[in-house]
Amino acid sequence: MKNETVNILPIGGQAENGKSMYCVEVGQKIFIIDAGYRFPDLDKLGVDIVIPSFDYLISRKEDIAAIIITHAHDDAMAALPYLLNAIPGIPVYAPSLTADLIEQMVERFERHRRVDLKLAIKRIKRNGYAIIEGTRVEFFPVTHSIPGAIGVAIDTPQGYIVYGGEFIIDFGAPDGFKADLQKMMEIGKKGVLVLMAESSYARKSGYTSPKHKLTDKIEGLFEEATGRIIITSYAQNVFRTKEIIELTKKYHRRIVFYGRDKYDKTNSILRFSQNMREPVISVPERNLGKKENLGNARKDRNYVVLLSGAPHNIYNDILDVVDGGDDLLKIREGDTFILASPVLPGTEKIANKCFNDLYKTDAKVAILKNKQLFSMHASEEDLKVLIQFFKPKYYLPIKGEYQNFVANAAVARSMNIRDDHIIILDNGERVGFEKGKLNANREVIEVEDVMVDGAGIGDVGDKVIDDRIQLSNDGIVVVGVTIDKNTKEIISQTDCQTRGFVYLKDSAHVIKHVIELCEQAVGKLKDHPDTDVQEIRNAMRDASMRYITKETGKKPVFIGVIIEV
C-alpha cells in the first residue's frame, strides 16, 4: 500500500561504539537489523558486556518478521543469543559464513545456559534477495574486515530503506571481501527513501583505503627478520589475518595460529574453511607450523606466530608471553615482535604496560599505532561514494558517537542533501515516513542499556555498580553484634572485620571506636525491646560512617549484623 507508514527505530548503536540494533517497521512488520553488544565503560565494575533492551520488541513480538545480521562481528551479532532467549524462534537471515558463526555462537550459549533458542537460520546469498512476509529485501556485498559482510535494502511502498552496514571502498579487495558496487547503483536507480550510513570514521578525510592495509607496513620487517616473527592481531580482523598468511607464503615461512580461544573469529573461520569449496583463508600444508615445535630453536626459527585474540584480552595474552607465563611461547634473542593490534578505548593502561615490558626483552619490537593502521570503516570519501550510488532522499547517520554524526551530516551536506533531510537520532527515538515525507514528530521509546554480569542479565543496576565502586575505592567494614534473644543484652565480644579499608596495625583506634559506637546503638534495644532491628542496624551504620568519614576521609561499604541467640 502506497500510504503504508515506514518507521525507523534505533535500539542500540547511536551515540556509542558497538551494540548495533536497528528496527525498520513497514506497516506493522518489524525488520531487525543486527543485534550486537558493546564492552562496558571503565566505571561499570564487574560487568562483562552491555546489550540492548528488548522490552519494546517483546511487547511487539508477534510483529517481528525477521532478524538480519550483516556481518559476524560482536558489535553486530553477539547479542543475538540474548534476543532469541527472550523471543525464541525469530527467523534469522545471514550470509553463509556469518550463519556458520551464528550457529556456533548459539550452540555454545545453549550449552552453557541450558536453554533452547529455537534458532531458525535462513542462509542468503550476499548479492541476492529474500521475500520476507511479502516484503522484498535486497542484499549487497560490502568490504569490511571480516568476510561475508553485507548491506541491506528493504523495499517499501515509499522507496528503499538502505542500511549500509560497515564498509570501505577498496577496489583491490580479495575474494570474499569484495563489494558489489554495480548492485548498489541498481538499487539507487530504483529510488532510496533513506540511507543509513555508518559514522565512526566520518571525521577522517580521504578514503580509508589503503591505510587499512597491513602488508606495506610490515613487509620490511619480514625481509629483515632472521629469527621468529611474533605478530599480534585482533581475531575479528580476518582481512589482516589473510595479509599475514600471504606474507608468510611469500617469505617461505611457516605460520602457527596461537589464538587461545578456539572459538575466536580467526580460528573458527580457519576451521570452517576446511569444508569450503572456495575457502576465504587457507594455508598450504608446507606453510603450516606445529605449535609443539615452539621453543625448539632448530625447528621454529622460520615461524610466524600469530597471536590473535579479542580486543580486551589480547594484551593480557601478550603480557603472559612477555613475563614468561606462557607454557610454550617464550621471547628470545632474534625474535621480531610486531604489535598490529592498535590500542582501543579502555585498553590504554594495559597496552602501555605491554609496550614498556616488550622493550625490556631481547626481541626487536615494532608497534603500529592507530594513525598508521586504520580500521575498516568508512572515511569521508567512502561515504560520498555511498551517497553518490544510492542518491537518497533522506540521510541517517548511524553507528558512532554524536560528534561522528555531526561530521557525517557535514559529508551529506557537501553532497547536496538538505539539512531538513538529514536525521540525527538517539537510541529510542522513532521517526516515521508517510507518502515519502518525514513526519515532524518523533516518538521516544525507553531503551536503557542492559548489563550482563556472568549468568545475570539485567540484574546489575546503578546501585550495584555504585557499591562496587565504593568497595574498590574504600573497602568494606562489617560489624557483628551478638545479643540475647530475650534480654537483648550483648553476650559476646563484638567482631569487626574490614577488607580494603585501613591498615589495622596503624588504625586499631578507629576499629575500637567503631565497635563502641555500634554497641551503643545496639544497647538501646535493652531499654526499648520493641524497636525494629533494622532501625538499630541503620543507627549502627549512620554513627559509624559519620566517625569513619571524619577520622579517615573514607566512605567504605558498611554492613551491620545483629545476631540473636
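Residues numbered from 1 in each chain as written. Predicted model: local features only at pLDDT ≥ 70, side-chain atom pairs only at ≥ 80, totals over all residues. Heavy atoms only, no water.

Caption draft 1: View of the environment of Ile146. On the secondary structure map, Ile146 appears in the loop between β9 (135-141) and β10 (150-156). A sequence separation of 24 residues divides Ile146 from Lys122, and the C-alpha atoms of the two residues are 20 Å apart. (Helix = DSSP H or I, 4+ residues; strand = E, 2+ residues; numbered from the N terminus.)

Caption draft 2: Inspection of the sheet that holds strand β11 (residues 159-163) at higher detail. The six strands lie next to each other as β8-β9-β10-β11-β12-β18, forming an open sheet whose pairing is mixed. Every other strand in the sheet has two partners, leaving β8 (129-132) and β18 (394-398) as the edge strands with one partner each. With direction set aside, neighbouring strand axes in the sheet form an average angle of 20°. Inspection of the sheet shows β10 paired to β11 by five bridges, in the antiparallel sense. (Pairing = 2+ DSSP bridges. Axes fitted to C-alpha atoms, helices over the stretch in contact; angles between N-to-C directions.)

Caption draft 3: Focus on the side chain of Arg430. Within the element layout of this structure, Arg430 appears in strand β19 (residues 429-434). Accessibility expressed as a relative area gives 14% for Arg430, which makes it buried. Here Glu25 takes part through its side chain, which lies 3.0 Å from a polar atom of the side chain of Arg430. Among the polar contacts made by the side chain of Arg430, one reaches the side chain of Glu443 at a distance of 2.3 Å. (Buried < 20%, exposed > 50% of the residue type's maximum accessible area, 1.4 Å probe, protein only. Polar contact = N/O pair within 3.5 Å; in protein donor to acceptor, adjacent residues only side chain to side chain.)

Caption draft 4: Layout of a positive patch on the surface. A cluster of basic side chains, namely Arg203, Lys204, Lys211 and Lys371, defines a positive patch on the protein surface. Turning to its location among the elements, Lys204 is positioned in the loop between β12 (192-198) and α6 (215-224). A relative accessible area of 30% places Lys204 in the partly exposed class. (Patch = residues over 30% accessible without salt bridge, like charges linked within 9 Å, V, L, I, M, F, W, Y side chains within 5 Å. Areas by Shrake-Rupley, 256 points an atom, 1.4 Å probe, with all protein chains shown as cover. Salt bridge = Lys/Arg side-chain N within 4 Å of Asp/Glu carboxyl O. Lys, Arg positive; Asp, Glu negative; His and termini not counted. Charge placed at Lys NZ, Arg CZ, Asp CG, Glu CD.)

Caption draft 5: Fine view of the pairing of β12. Taking burial as the measure, the seven residues of β12 include seven buried ones, the bulk of the element. Handedness of the β11-helix α5 (residues 181-190)-β12 crossover: right-handed. Pairing of β12 with β18, which is carried by five bridges, proceeds in the parallel orientation. Across the sheet, the residue bridging to Val194 is Tyr394, located in β18. (Right-handed = clockwise from strand over helix to strand, strands pointing away.)

Caption draft 6: Up close: the sheet that holds strand β26 (residues 557-564). Pairing in this open sheet of three strands is mixed, and the strands run β25-β24-β26 from one edge to the other. A strand with exactly one partner marks an edge of an open sheet, and here the two such strands are β25 (495-499) and β26. Strand-to-strand twist across the sheet, computed as the mean angle between neighbouring axes with direction ignored, equals 15°. The pairing of strand β24 (residues 476-483) with β26 spans eight bridges and is parallel.

Caption draft 7: Main features of the packing of helix α12 (residues 380-390) against helix α13 (residues 402-414). Axis separation between α12 and α13 bottoms out at 10 Å; the angle between their running directions is 50°. On the basis of the axis angle, α12 is oblique to α13. Crossing handedness for the pair α12 and α13: right-handed. Of α13, the residues touching α12 (which contributes Glu380, Leu383, Lys384 and Ile387) are Asn408, Val411, Ala412 and Ser414. In the contact of α12 with α13, the residues fall into four nonpolar, two polar and two charged. (Parallel < 35°, antiparallel > 145°, perpendicular 65-115°, else oblique. Left-handed = near helix turned anticlockwise from the far one by under 90°. Contact = heavy atoms within 4.5 Å. Nonpolar A, V, L, I, M, F, W, Y, C, P; charged D, E, K, R; others polar.)

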